[in-house]
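# Architecture and fold: a report
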Amino acid sequence: MPDRRPVGQIALVTSLQRFPSRAPHAARRAFRRASRRALAPLLAPLFATLLGTACLESSQALVWQDADAVPLAMPTTISDSTQRATLAAALSELPAVRDSVGRRFDLAALPSVPPANPALGVSVEPLDDARCVGSLQMRASSRGTVAVWWSERDGVRVDLLAAWRDIGQDGWRGPIQVDSVDVGSTDARDAAEGAVIGCRRPAPGLAVDAVNGFVHVSYALVGPEGPGIFYAHQMDPRAGFEPAVPVVYGERLGAARVASDGDLVVVAYEDPNSGERPRIAVAVSRTAGHTFERRLTVNAGLNPAANPFVVVRGRAVAIGWEETPPGGGVPSWLQRRAVLR
């Protein structure tokens, strides 16, 4: 269910769109459907080839420090911040936490920032009547607080929006468009099968890097070229987000979270191609999110896995997730650590 001010009353700061979106609604919808049908069979083999090539070229991107998943005596209902803190503590004994990837420097304050948008309000959270409930993610940094959320629009589609509350400012600046190409579903069966459409999708993953100030966002949507897990980043708080990068394509869309430390960026996600036994996988970038290397499967157990979390320190990575017994029951929390080769 949406909450607060209609996004239609808020002027978007930046619009990065992979396909046209200013045509009338009916024409735009027809264009997207036709594009998806026409492009999917042509692009899928190309994307598969490119991803496969990346996997072959960097098959040793991560070296696992745990031979298998390590159970944690921790309830699955704790907060996101506690889960991240638990994973960070698990990395403390690895020497690789002290090895940086890329140069380090002091993150200076911005010399000037654009004015706040009154339509976003001055409260703790930016206002948007069309915001999907439970989708808002916020992170604080030395330059202010950034927020990312799903905003529902016509049909069963969403926009991914962001806003900044800069240091010394009372209001929010934005909204800044992260991604606007979600086409929802063109198949009536999807709704009955619980497909990820409209607000019925996981919240985006969000990280703000303390080294370079980049904002990293991971998320699932159905683009004109097909459904998948995507990633986008913002290099300067006053600029727009770079064009989205596909992490992996697949029909089953789920949660995706992201963490970074300098040039090392890791996206942990529910593998959309894992069949009837959902698994957790990770994608690795050592170029601050501009390109991704090897996609690695994290868990190989018999239990369905979901709800991934990831923490990065230096060259060390920790991934946590939930597993549920096949017959149901109380989920268990597990983790696995790795080091960037």
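Residues numbered from 1 in each chain as written. Predicted model: local features only at pLDDT ≥ 70, side-chain atom pairs only at ≥ 80, totals over all residues. Heavy atoms only, no water.

Take the overall build of the protein chain next. Helix and strand content of the protein chain: three helices and 19 strands. Across the 341 residues of the protein chain, 50% fall into the buried class. Of the contacts formed within the protein chain by residues at least 6 apart in sequence, a portion of 60% connects residues at least 24 apart. (Helix = DSSP H or I, 4+ residues; strand = E, 2+ residues; numbered from the N terminus. Buried < 20%, exposed > 50% of the residue type's maximum accessible area, 1.4 Å probe, protein only. Contact = heavy atoms within 4.5 Å.)

What follows is about the side chain of arginine 143. Note that arginine 143 resides in the loop between β5 (137–141) and β6 (144–152). The buried charged residue arginine 143 lacks any salt bridge partner; its closest oppositely charged side chain belongs to aspartate 236, at an N-O distance of 5.9 Å. Each residue touching arginine 143, except ones within four places of it in the same chain, is listed here: Leu107, Ala108, Leu110, Trp164, Arg165, Asp166, Ile167 and Pro237. (Lys, Arg positive; Asp, Glu negative; His and termini not counted. Salt bridge = Lys/Arg side-chain N within 4 Å of Asp/Glu carboxyl O.)

The strand order β9-β10-β11-β12 describes an open sheet built from four strands, whose pairing is antiparallel. Both outer strands of the open sheet, β9 (205–208) and β12 (245–249), are each paired with one neighbouring strand and no more. Neighbour to neighbour, the strand axes of the sheet diverge by 25° on average, direction disregarded. Pairing geometry for β9 and strand β10 (residues 215–223), over four bridges, is antiparallel. In the strand pairing of β10, glycine 205 is matched with serine 218. (Pairing = 2+ DSSP bridges. Axes fitted to C-alpha atoms, helices over the stretch in contact; angles between N-to-C directions.)

Now for the sheet that holds strand β16 (residues 295–297). Strand order in the open sheet formed by four strands is β13-β14-β15-β16, with antiparallel pairing between adjacent strands. Each of the sheet's edge strands pairs with one partner strand only, and the pair in question is β13 (256–261) and β16. Between one strand axis and the next, the sheet turns by 20° as a mean value, whatever way the strands run. Two strands pair when backbone bridges link them, and strand β14 (residues 264–270) and strand β15 (residues 280–285) are joined in this way by six bridges, in the antiparallel orientation. Along β15, the bridge assignment pairs glutamate 270 with isoleucine 280.

The next point concerns helix α2 (residues 80–91). Counted at 1.5 Å a residue, the expected span for α2 with its twelve residues is 16 Å, and the 17 Å between its end C-alpha atoms agrees. Those residues of α2 lying buried are Gln83, Leu87, Ala88, Ala90 and Leu91. Burial along α2 is one-sided: seen end-on, the buried residues are contained in an arc of 155°. On its buried face, α2 is in contact with β17 (305–313), β18 (316–323) and β19 (332–340). (Expected span 1.5 Å × (residues − 1). Arc of directions from axis to C-beta.)

It is a probe the size of a water molecule, rolled over the atoms, that shows where empty space is left. As a volume, the largest pocket reaches approximately 550 Å³. Lining the largest pocket are 30 residues, and of these Arg84, Arg139, Leu206, Ala207 and Val258 lie nearest its centre. Those elements that place two or more of their residues in the lining of the largest pocket are α2, β5, β9, β13 and β17. It is β13 that provides the largest number of residues to the lining of the largest pocket, a total of six residues. Tallied by class, the residues present in the lining of the largest pocket amount to 19 nonpolar, three polar and eight charged. (1 Å grid on protein atoms, 1.4 Å probe; cavity = no way out; pocket = protein on both sides within 12 Å on 5 of 7 lines; lining within 4 Å. Points joined across faces, edges and corners; volume = space filled by probe spheres on them. Nonpolar A, V, L, I, M, F, W, Y, C, P; charged D, E, K, R; others polar.)

Turning next to the packing of aromatic side chains. Taken as a whole and assessed by the stated rule, the structure comprises five aromatic pairs. Here phenylalanine 230 and tyrosine 249 contribute two aromatic rings whose centre-to-centre distance is 5.7 Å and whose plane-to-plane angle is 90°, an arrangement assigned as edge-to-face. Taken as a pair, phenylalanine 230 in strand β11 (residues 226–234) and tyrosine 249 in strand β12 lie far apart in primary sequence, 19 residues in all. Both residues of the pair, phenylalanine 230 and tyrosine 249, count as buried. (Phe/Tyr/Trp six-rings, centres within 6.5 Å; stacked < 30°, edge-to-face > 60°.)

So, on to unusual backbone geometry. With an omega of 0°, the peptide bond running from glycine 174 to proline 175 counts as cis. Within the fold, proline 175 resides in strand β8 (residues 173–179). Phi angles above zero are rare outside glycine, and alanine 288 is one such case at about 60°. Tracing the chain through its elements places alanine 288 in the loop between β15 and β16. On the accessibility criterion, alanine 288 (4% relative accessible area) is buried. The phi dihedral of asparagine 307 falls on the positive side, at around 55°, and the residue is not glycine. Positionally, asparagine 307 belongs in strand β17.

Following the criterion strictly, the structure yields eleven salt bridges and no others. Note that arginine 131 and glutamate 125 form a salt bridge whose closest N and O atoms lie 3.4 Å from each other. Across the pair aspartate 154 and arginine 157 runs a salt bridge, and its minimum N-O distance is 2.7 Å. Using a relative accessible area of 7% as the deciding quantity, one classes arginine 157 as buried. Several salt bridges converge on common partners, so that one network encompasses Asp66, Glu93 and Arg337.

Looking now at the environment of arginine 341. Residue placement: arginine 341 occurs in the segment after β19. Note on arginine 341: relative accessible area 56%, which makes it exposed. Spatially, the C-alpha atom of arginine 341 lies 9.7 Å from that of alanine 316, the residues being 25 residues apart in sequence.

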